[in-house]
Each structure stands twice: as C-alpha cells, then as structure tokens.
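Architecture at a glance
Chain residues, written in single-letter form:
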Amino acid sequence: MASTATPRTPDFERHGLSDEQLVAMLRIMILHRTLENRGFALNRQGKIPFASASEGHEAVQAGAAMAFERGKDILVPYYRDLGLDLGIGLTSYEVMLSLFARIDDHSAGRQFPHHYASKKLGLYTISSVIAAQTSHAVGAAYAIKLRKESGRAVLTTFGDGATSEGEWHESVNFAAVHKLPIVFLCENNEWAISTPLSAQMGQPDLYKRAAGYGMPGVVVNGFDPVACYAVTKDAMDRARHGGGPTLIEAKCYRFLSHTTDDDDRSYRTRAEVEERRKEDPVPAFERALLEQGVLTKGSLDELKASILAEANDATDRAEAVPYAPPGDLFTRLYEGPWEPWQ
Amino acid sequence: MAVATSSSQVLNNVEAVRATLYEALKNDDKVVILGEDVGNRGNVFLITKDFVKEFGTERIIDTPIAEASIVGIAVGMAMEGLRPIAEIQFADFIYPAFNQIVGEAAKTRYRSNGEYTCPMVIRTPYGGGVRGALSHSVSVEALFYHVPGLKIVVPSFPADVKGLLNAAIDDPDPVLFLEHKKTYRLIKGEVPDGHYVIPIGKADVKKEGSQLTVVSYGLYVHWALEAANQLEGDGISVEVIDLRSVRPMDKTAILESVRKTRKLLIIHEDNKFGGIGAEISAMVAEEALFDLDAPIRRLAAPDVPAMGYAMPLEEAYMSSPAKMADAMRDMVKF
Ligand SMILES: Cc1ncc(C[n+]2csc(CCOP(=O)(O)OP(=O)(O)O)c2C)c(N)n1
Ligand SMILES: [Mg+2]
C-alpha cells in the first residue's frame, strides 16, 4: 500500500561500519523483503500453501546479523527471522526451497517455511513453539562456558509475545545465575498476532525487566539498522569475553498481517499502520545511504536489480526440485534402523 | 538371594543408578547432571551424593525450580555436543516440561532432517506404594509412550538399571528413564562389574512358564514374580515378562510367549484407560488373536487421578501379589 505521507529519515551514525558493510546491510534488508514478497506472490498464485513476512523487522535483523561472527557464534532464532538468517549466510536458494517445501529444504519439507537448521551457519533448528528456543540457547551457552570457549556467544531472538511464556523467564533467569555468554534480543513489534502490547504486559518497556534478573537491559530503535548493530555488537562482545548476558529490546513494528492466514484489519486500524509505515526502515535506510553518499542512485538501482535476479534464479531453481517421496516420512527419526509400530 | 562374586556386586536400585552415573561422569567429560537439589544435597534420594565434590558445580548443576527449562537447557546442551542427564525430582512434576520432551527433544532430529540431534537422558523417580500421596506417586509412562522420537525405559532390577542406564547415556536420541521409587532400596540384586549395555527395546523373560504369559514392568514385575512363584507350588506355570522398555516395545518377545502359553495377562500400576496394556492388547489382538485360548485381561489401576495418601486409599489403588495371583489363577483356569 503506497503511503502519501512524507517519509522520515532517521538520524544516522556509522558506529565504525565501512561503506561496504553498510551496503551489505541494506542488501540483506532489501533481499529479505524481496524474498518474503515472493512468498506472498507464490501463495496468491496457489503454488505454496502459506507465507509469512516480517516487514518492519528488516533493520533490527540486518543490524544484529552484522554483529554475529560466522563460524564462531550460535544463532537460536525464531520463525520471523529471515533477515537474520540471510544476514549470517543463508542463501536465497535455501529460502526458496523452504517456501516450496522441497526435499533439499533443511527439514526436507517437514517444517513450515523459514524454520531453518544449519550447523555450518551455527543456526539452530527453529521451533514453531513460542519461547521454546530460549532454553535451548541457554543450554548451548552453558556448553560454551563449560568448555571455556572464550570468544564465542549465543544470540537468541524472540517476539514481544514470547516474553510472557514461563519458559522465557526461566531461561533468562538461568542465564543470569550462571553469567552465560548469551544475548537475548527481543524484536518488539507491538503485536502478538492480534494481541497488542497493552494486553500482554503491565508496562511496555521490556528491557526494564533485565534489572530484575540482574543483567544489563538495553533499548534500541529497531528501525535503525546501525544502532541495532551497535548494541548487539556491544552485548555480544561482552558475552564473548566473560561479561555475561544482556537483554536487548528493539522496538519495531509489524507492517503486515501475522501470516497469509491472518487479516489484521479485524484488530487494528489502517490509520495506525499507515502512520507507522512512515518509519519503514527499508526506504529510510536507502535514503540515508544516498544522502551520505554511500550509494548513488545508479548503484542502488544496480543493487536492486542484482537482488531481483538472485530471487528469480532461486525461485526457478527451487521450484524444479522434487518433493520428498512419501517414504521419507520414516527417515531420520532415530539414529540407525528402527521399526515403525504398525 | 543375591550374592556378590569376584566380578559382581550386590546393589539396590539407588546404588545401581548412582554407580552408573558415577562411571559416566568419570569416563566422559561431556556428561553433566542438572536438576533440583542434585548438587549439594546429592539428590533427594542421595543418588548423586558427593558427586559435586569430585566433579564440581559446573558439571553437577543445582538448577532453579523450573522443569521446562531443566529439560530445555539439556536439549540445548545436547545440540551443542554435551551429554546432559537431566533429573526431574519426581515424575509428578514433569508436566511443565511436557513441551520440551514431546515438542522439542523428540522432534529435534526429525524436524532438522538429521542436522541436529538430541542425545540426552531425562531421569525421574515415579510410582507408588510409598505413601507418596496424590503428587508423589504417579506413573507417567502412558503420557509419553505415544510419542515417536522418544525412547522410554522402565527397568526394575539393579542389573537392568545399570545396563539400560548405560544404554540411555550412550544413546544418540533422547531417552526418558523411569525409576520406580519403591524399588529403590527394596530391590537388591547382583550387578556385573565394568561397563555393559542392555539394548533399549528388549524385554526379558524373568520366569519361564507354559500356561499364561504375564507382561509387566516396574515394581509390579517383582510382585508378579512373587505371585507366579507362589502358584508354582500349586502346579500352575506362569511366564513373567519384564518389558524393561515401553518404547520401543518388544513385540517379538510378547508374541513368542503368547503363542506358546496362549493366554495373556498385562499388569501395570498406571491406570487402565489408554495405558501400556491397551497398546499391548490391541497389538496381540491384531497379530495373534487366533492363537489365544482366553480373552486378554488387564490388571491395572482404577480410573482415578492418583492414589490417596491415607493407607486404605493407597491400598485400594495399588495391586498386590495376592490380587495378581488371583487373576493368574482365574486366567489359567479359563
Ligand atoms: C507456545 C505457543 N503458543 C501459541 C502459538 C501460536 N502463535 C504463533 S505466533 C504467535 C504470536 C507471537 O507473537 P510474538 O512473540 O510477539 O512474535 P511475532 O509473531 O509478533 O514476531 C502465537 C500466539 C505458538 N506458536 N506457540
Ligand atoms: Mg510481536
């Protein structure tokens, strides 16, 4: 939906990032949005049964991914983290395999789209169960600490809704008790499907809870990728070198319905969404990089063309891959042979 | 009466669990134990007493009282290459961890198509007959045995405890290890020295017989044996099978025995509806109905939430060797 309002450009501070790194972040943000839009289009064409999107989360995810050290750190994300997954090295082809649920998808078509699992990337298997991953992240952080592996940390993410789960509390508390190398990053988009923050918690500033656990709590503008990078980097560095856990709250917004199976018109006004759209982080970051001379109109167009070409190629290649055969149902449940009860 | 030999010792079930955990900690740095009061106190049954002195608080972890994350953290540890042994203090308190066991641990390998695995053990004491009241007495196996991806072990002899706990710790997949509280100190037996493994999913014929097959597990195997031995004097020959594992379940052992004796009695402490006996009955009816000379019978707990604390309420819930002997006699006569 095109907005007629004047867009805002956020104040912009580099935090030591090079031009290349800034452009790499923008690339992830645009790619993230492009692939999700592709998912919606495929859904409308009847080619895939389901798609979800995280428009509004691009900045926090691209920023946090930039603070992740590939080959060292562990990412334990949730389902709405495509940008973070792409940012740490997931390819467009893997994304399209997941959307099409093909045999070469990480779960071989067992899981919903965007539920990746890759040891190579340090990306843990994603659960659909809200907040279940936070204790896995804490367990992994415990292993890192037990083995005295300095220089590694775990980054785990979740929505605002997840912070109401008992297990979220249990996990954050345990990490604080043991001063574990972990960063809890909340992508607060103000909605848990149809439930607004005001119905989820008595006060809306999640980061303030950190004090109650005994760890630093940081709040950041989730529409500013560089600020998100900076706070995540700071927290990850602390975690990597014995400084213990941090809770970060990135305030962002969910511009679209929860998934293709949801219609947000039933619970929030168009005026609210329009107003928040003015802060859309993707065009805002484009403008910021143009204004700062990091990109020219020409190089931005080139960037977008290359992203589109990549998405098209990934779509075509993934669509050509077969589904897993029905017999695949019986594979990789246990190690070694097992006899299904029948 | 069990006697120690040069290559075995007489242990009770608590000692068998303790000795096996100790060896595992000693032999593999990746093994950690986490749970409530497992450290300084050494577990409420003293199973891990003094472990913390030898292995340190980093490997013997006293957790906050938070069962969901005790299991969830173990899942994360397992995915990161440790070999966690999580303890749920009493099976009655395992419910908060249901999602982590059923939704996460059991599905880790499957949902990641083998990319991540979850080699972990969840140990928990269960069962009644100890004046444990409504909330320190339950059997939980039927709540979990429905779940592909899990393995569930319920040993009741010290030698089986050791061999199966070793198997559970070595297993590349998650294992729920159920220890019957009443057998902890009551049941003693010879336990071979050294490391050995009993394969998960193999039942054991604890007593051979020709006129009736009794399938049981847990405390009730001991009571069923007592009853069967008593009937032996009256010339009644009963075969007693200890399942030892309820998932995977040893179909072959059950069918072989049933085809020989032509009668089947299933005995368990858990209640009847949807219990382990329901699956065994259905399986035998599907596979061997025409080999049977009598209807299958299940002797199980009444259909109520749990046993009571007051002695008559506990006794009314629990079976007994005498009740078991009556059921066996009836079946043989049929
Ligand atoms: C344990 C559990 N309960 C309910 C659901 C259904 N559900 C899926 S997403 C969602 C809302 C989550 O909101 P939030 O954590 O804020 O994440 P967001 O989708 O907004 O990014 C719910 C209730 C679930 N997946 N898991
Ligand atoms: Mg939300």
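Nothing here was measured: the structure is a model prediction, and the numbers come from that model.

Moving on, we come to the layout of surface pockets. By volume, the largest pocket is sized at about 960 Å³. Lining the largest pocket are 33 residues, with Trp338(A), Glu339(A), Trp341(A), Pro248(B) and Met249(B) sitting closest to its centre. When contributions to the lining of the largest pocket are tallied by element, the ones reaching two or more residues are strand S12 (245–247) and helix H10 (251–261) of chain B. If you tally residues by element for the lining of the largest pocket, the top one is H10(B), at three residues. Tallied by class, the residues present in the lining of the largest pocket amount to 19 nonpolar, four polar and 10 charged. Both domains that furnish three or more residues to the lining of the largest pocket are identified here as domain 1 (8–192) and domain 2 (204–333) of chain B.

Turning to the pattern of salt bridges, a few remarks are in order. All names here are of chain B. Evaluated as defined, the whole model comprises 54 salt bridges over all chains. Taking the shortest distance from any N to any O, the salt bridge between Arg 244 and Asp 160 comes out at 3.0 Å. In this pair, Arg 244 sits in the loop between strand S11 (238–242) and S12 while Asp 160 sits in helix H7 (residues 158–170), placing the two residues 84 residues apart along the sequence. The two residues Arg 244 and Asp 160 agree in class, both being buried. Across the pair Glu 287 and Lys 251 runs a salt bridge whose closest N-O atoms are separated by 3.4 Å. Note that Glu 287 is positioned in helix H11 (residues 276–288) and Lys 251 in helix H10, a separation of 36 residues in sequence. When its relative accessible area of 35% is taken as the criterion, Glu 287 is described as partly exposed.

A separate point is the domain arrangement of chain B. It is common to give the size of an interface as the accessible area that goes away when the parts come together. Residue and element names in this part refer to chain B. For chain B, the assigned domains read domain 1 (8–192) and domain 2 (204–333). Computed from C-alpha coordinates alone, the two centres of domain 1 and domain 2 are separated by 26 Å. In this complex, domain 1 contributes 32 residues to the contact, which on the side of domain 2 involves 29 residues. On the surface where domain 1 and domain 2 come into contact, there are two salt bridges.

Take the site of ligand 1 next. All names here are of chain A. If you check the shell around ligand 1, you find 16 residues, and the closest are Tyr 78, Tyr 79, Arg 80, Gly 161 and Trp 191. Within the contact set of ligand 1, an oxygen atom lies 2.8 Å away from a backbone nitrogen or oxygen of Trp 191. Bound to the protein, ligand 1 loses 72% of the 580 Å² it would expose on its own. Broken down by class, the residue content of the shell around ligand 1 amounts to eight nonpolar, five polar and three charged.

It is worth spelling out the nonpolar core at this point. Of all hydrophobic cores here, the largest spans 89 residues; its most connected members are Ile280(B) and Val284(B). Looking at this core, you find at least three residues from each of domain 1 (8–192) and domain 2 (204–333) of chain B. Beyond its immediate sequence surroundings of up to four residues, Val284(B) is in contact with Ile254(B), Leu255(B), Val258(B), Leu264(B), Leu289(B), Leu292(B) and Ile296(B). Counting residues in hydrophobic clusters, the runner-up holds 62 residues, among them Leu22(A), Leu123(A), Ala239(A) and Ala250(A).

Below, the discussion takes up helix H1 (residues 13–27) of chain B. All names here are of chain B. Taking 1.5 Å of rise per residue, 15 residues should cover 21 Å, and H1 covers 21 Å from first to last C-alpha, within 8% of that figure. Among the residues of H1, those classed as buried are Asn 13, Val 14, Ala 16, Val 17, Thr 20, Leu 21, Ala 24 and Leu 25. The arc that holds every buried residue of H1, seen down its axis, measures 165°, which confines them to one face. Sitting at the head of H1, Asn 12 places a side-chain oxygen 3.1 Å from the backbone nitrogen of Val 14.

Criteria and thresholds
- Residues numbered from 1 in each chain as written.
- Chains lettered and ligands numbered in written order.
- Predicted model: local features only at pLDDT ≥ 70, side-chain atom pairs only at ≥ 80, totals over all residues.
- Heavy atoms only, no water.
- 1 Å grid on protein atoms, 1.4 Å probe; cavity = no way out; pocket = protein on both sides within 12 Å on 5 of 7 lines; lining within 4 Å.
- Points joined across faces, edges and corners; volume = space filled by probe spheres on them.
- Helix = DSSP H or I, 4+ residues; strand = E, 2+ residues; numbered from the N terminus.
- Nonpolar A, V, L, I, M, F, W, Y, C, P; charged D, E, K, R; others polar.
- Domains from an automatic or database assignment.
- Salt bridge = Lys/Arg side-chain N within 4 Å of Asp/Glu carboxyl O.
- Buried < 20%, exposed > 50% of the residue type's maximum accessible area, 1.4 Å probe, protein only.
- Contact = heavy atoms within 4.5 Å.
- Near = heavy atom within 4 Å.
- Polar contact = N/O pair within 3.5 Å; in protein donor to acceptor, adjacent residues only side chain to side chain.
- Areas by Shrake-Rupley, 256 points an atom, 1.4 Å probe, with all protein chains shown as cover.
- Core = buried A, V, L, I, M, F, W, Y, C linked by side-chain atoms within 4.5 Å.
- Expected span 1.5 Å × (residues − 1).
- Arc of directions from axis to C-beta.

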